[in-house]
Amino acid sequence: MSPALAAFLRPSPFALKFATKGVLAMALALYAAFFFDLDRPYWALISAAFLQTRPMSGMVVEKGICQVTGTFVGTCVAVVIMGCFAQVPELALGSVTLWIGLCIYGASLTHNNLSYGCVMAAVACMIIVVLTSSAPDDFFSVALARLSELSLGALCAVVVSALVWPIRVRDHLGQLSDTAVNATFRYMALAFSMPLEEDRAGSRDTAGQSQGHSQDLSQAQQRERMAMLEQMMTGLDALNNLEIDAHSARYEGPQGKGRIRGVHLLTRRSMRLYATLKALHQLRHPEFFVPSQSDDGKPSAPTGELNQTHRQEAERFSQPTQDLMQRLGAAFQSMADNQGTAQARKTLKELRGECLRLSRGQRSITALEARLLFSLREVLGHALVILQAREVINHPGRHQLRQPSMSWHRDHGRAAIDALRAMAIFSATAIFWLATAWDNGAVAMLLGTLFSGIFVSRGDPAPIIPMVLKGLLLAVPSVLLFGNVMLSHAQHFVPFVIIFSIPLFLGLMGSVVPALAGIALPFVVFNILLVMPNNGMTFDVAYTLNRSLAAGIGLIVTIIGFRLIPVPGAGWDKRQLIRATASDIRELAERSTERLDSWFGGRMGDRLLRLARHEQTRSREQEARRSGENASGQPDAAQQQVLGMPLLTLGLTGMDIGRGIGFVRRELGNDVPRPVQHALRELIHALADDYQRCARGESPTRMRAAGDRLCEVIEQHRTMSRHKQALLAGWLTRVQLTLQSDALRQQRS
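From a predicted model like this one, the values you see are computed outputs, not experimental measurements.

*Asks:* Mind showing me how you'd approach the side chain of R377 here?
*Replies:* Structurally, the position occupied by R377 is in helix α16 (residues 367-394). The side chain of R377 sits in the buried core without any salt bridge; E378 is the nearest counter-charge, 8.6 Å away. Leaving out residues up to four positions away in the same chain, R377 has contacts with R352, C355, L356 and S359.

Structure below.
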């Protein structure tokens, strides 16, 4: 059975509860609007419908507050516009256009429900100005009515969400944190347990295996890669949802702020752990990130040379170190299988102690291996903090935690493009409305403004807007049947609500299925907009078709707007994120060491999550284009590119570089001789430049010489112990190999 049929013939209990809560909230809003004799009760319905898309209590409250606040701000701006240009509709609409651009610009730069509040500020101002442009004397009554209707719908949604099958944000955050931690531990287990490539080759040569069996081993290696990537993307997706949804927890009691701080701690430490682990895994398994064959199946000479360099470095690792990493893999797999938190902490502390004893007990240890053992202790330390963060999220009252919020990446260039598109869409519909004097032209203006604002948070909304148009096409026959034929026979409120709720219930039930959400939710909204329930409604088929045509025009103009002014793609975001990361790396040379990690980690957290989202979108697009596996069972070039994770790899490398610079600056301290300061600043700038070079697919050229110079100056002035100097040398070697691998990965992607 297809998902579409299953959604309606065999709905899940959650779908039935979700649809029932949504219908109850809208029915309550409609009854209250009728009772208070509001001018347009359907706005209260739309308000309740939008707030029920995420039915968790805290989220409904937060979204309701943002909706009411945005509506109030938009109303105040409309007062100013109409006070200045009430007699000149053209100037009033021009001012509204500028206000819409400013609101959409703000929506692009903000996150969570703040973005929705900016959109509502634009919509409220537009509605009030358009509705009162022909009758300025009714301005204050219309403005008060719009604010009352939207506030009433928000209040009804909050009441129903809190009283009827309440879903708490805290439970949602607890589930997401468990998913993130377990996926991270499974990824670590796979990374540490994966045998080295030379071990595979040795086993094949010793056993004299055939070519067919060699292909089986290659397929097994591909499955290991896919399993690791699946766990990483699962963990990153859970972390992304945690950061988006955590802010709503503050509306569910005094412990909400503690949960928010726990989420920030979990996200930051998980990002640091992924960055460190990626560098270690790339050192041991270069073939995971840079396949040794080109897309046409022929050996790649630069790649082969780099892989050989990696293997030569990895062969310097002693057998006790290799055995320790195998033990780490088994330990993390046990933790992911729901091992108790207390036992997991005990195991992690024991392994940290063993890492420390191993690094101190080997006299002939190389600089790279010393750095490896130090990084293993860092990984185990991050894992301990991650466990503590999960405990804070689930039980914030047991812990006292201070953790600043993450810094968000703000792309002003993309925000300007989004604002320009929204202004163009509104201007086109406004000119059409002024030229035709069409009463229902305001519907086209409303939908153009609404959807051009709501879709700014989408990576690529162009495929979604046609789904909205499908929702409109499905809503038209539904409105003709239920809204014009059946509702005309309803003489009282109860039968009216029952008839009107049938299509709404079906639409909400279908919206639970991700494949149908883009059609089902617009279906609900258009049923409300086209029926327009009020105390003096008329059942006119021609009027319904007239409004449907206006809605279709608004959507078509929106589609054309997104086609002519498209959303910047992954290439744009990649350049902006890489440029911002390199700028932050350079700034590490100037900032104080006290809050270095907190500042850089907070800014990098959001960038890594954005790169992870792009990687997920990119993977889905490539898998959709992929025709399948070839005759030998090997993944084709598109899937090989998915395996490489070029975007996310760059972000993790940037995080690792920043963490390493913070370590060097802390070890050197504040009282550093001038030659050491100068050499360190040169190294930091060289790392930033080489990081940007590797993002373009070019090999690093500056950091090796700058790193050697810093080591020489430190040796001359004795500003760092021998052990710390060995760790510094090992880190520089590791970063050099990582940047070379990333450069080749970018060439192949």
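*Asks:* Any chance you could explain the pattern of salt bridges here in plain terms?
*Replies:* Pairing between side chains of opposite charge can happen when the charged atoms of each approach one another. Going through the model one piece at a time under the given rule, you end up with 15 salt bridges. A salt bridge links R586 to D689; its shortest N-O distance comes to 2.7 Å. With R586 in helix α23 (residues 570-587) and D689 in helix α27 (residues 674-695), this residue pair connects regions lying 103 residues apart in the sequence. In the salt-bridge network here, residues are joined through shared partners; they are R586, D689 and R702.

*Asks:* What is the right way to read the packing of helix α2 (residues 13-35) against helix α3 (residues 41-51) from this model?
*Replies:* Helix-helix packing is characterised by the crossing angle of the two axes and by the distance between the axes. Two numbers describe how α2 lies on α3: the axes approach to 8 Å, and their chain directions differ by 155°. Judged on the interaxial angle alone, α3 and α2 are roughly antiparallel. As α2 runs across α3, the sense of the crossing is right-handed. Contact residues: A25, M26, A29, L30, A33 and F34 in α2; P41, A44, L45, A48 and A49 in α3. Split by residue class, the contact of α2 with α3 holds eleven nonpolar, no polar and no charged.

*Asks:* What is the right way to look at the environment of H382 in this model?
*Replies:* Mapped onto the fold, H382 is located in helix α16. With 111 residues separating them along the chain, H382 and M271 place their C-alpha atoms 9.6 Å apart. If we skip the residues at most four places from it in the chain, H382 touches R269, R272, L273, T276 and R659. In this structure the side chain of H382 is engaged in a polar contact, spanning 3.3 Å, whose partner is the side chain of R269.

*Asks:* Help me understand the packing of helix α19 (residues 464-486) against helix α21 (residues 514-531) in this model?
*Replies:* Where α19 meets α21, the axes come as close as 7 Å, and the angle between the chain directions of the two elements is 45°. Taken together, α19 and α21 sit at an angle that is classed as oblique. The handedness of the crossing between α19 and α21 is right-handed. Taken together, the residues of α21 that come into contact with α19 (itself represented by M467, V468, K470, G471, L472, L474, A475, V476, S478, V479 and G483) are A515, G518, I519, P522, F523, F526, N527, L530 and V531. For the contact of α19 with α21, a count of residues per class yields 14 nonpolar, five polar and one charged.

What counts, and at which threshold
Residues numbered from 1 in each chain as written. Predicted model: local features only at pLDDT ≥ 70, side-chain atom pairs only at ≥ 80, totals over all residues. Heavy atoms only, no water. Helix = DSSP H or I, 4+ residues; strand = E, 2+ residues; numbered from the N terminus. Buried < 20%, exposed > 50% of the residue type's maximum accessible area, 1.4 Å probe, protein only. Lys, Arg positive; Asp, Glu negative; His and termini not counted. Salt bridge = Lys/Arg side-chain N within 4 Å of Asp/Glu carboxyl O. Contact = heavy atoms within 4.5 Å. Axes fitted to C-alpha atoms, helices over the stretch in contact; angles between N-to-C directions. Parallel < 35°, antiparallel > 145°, perpendicular 65-115°, else oblique. Left-handed = near helix turned anticlockwise from the far one by under 90°. Nonpolar A, V, L, I, M, F, W, Y, C, P; charged D, E, K, R; others polar. Polar contact = N/O pair within 3.5 Å; in protein donor to acceptor, adjacent residues only side chain to side chain.

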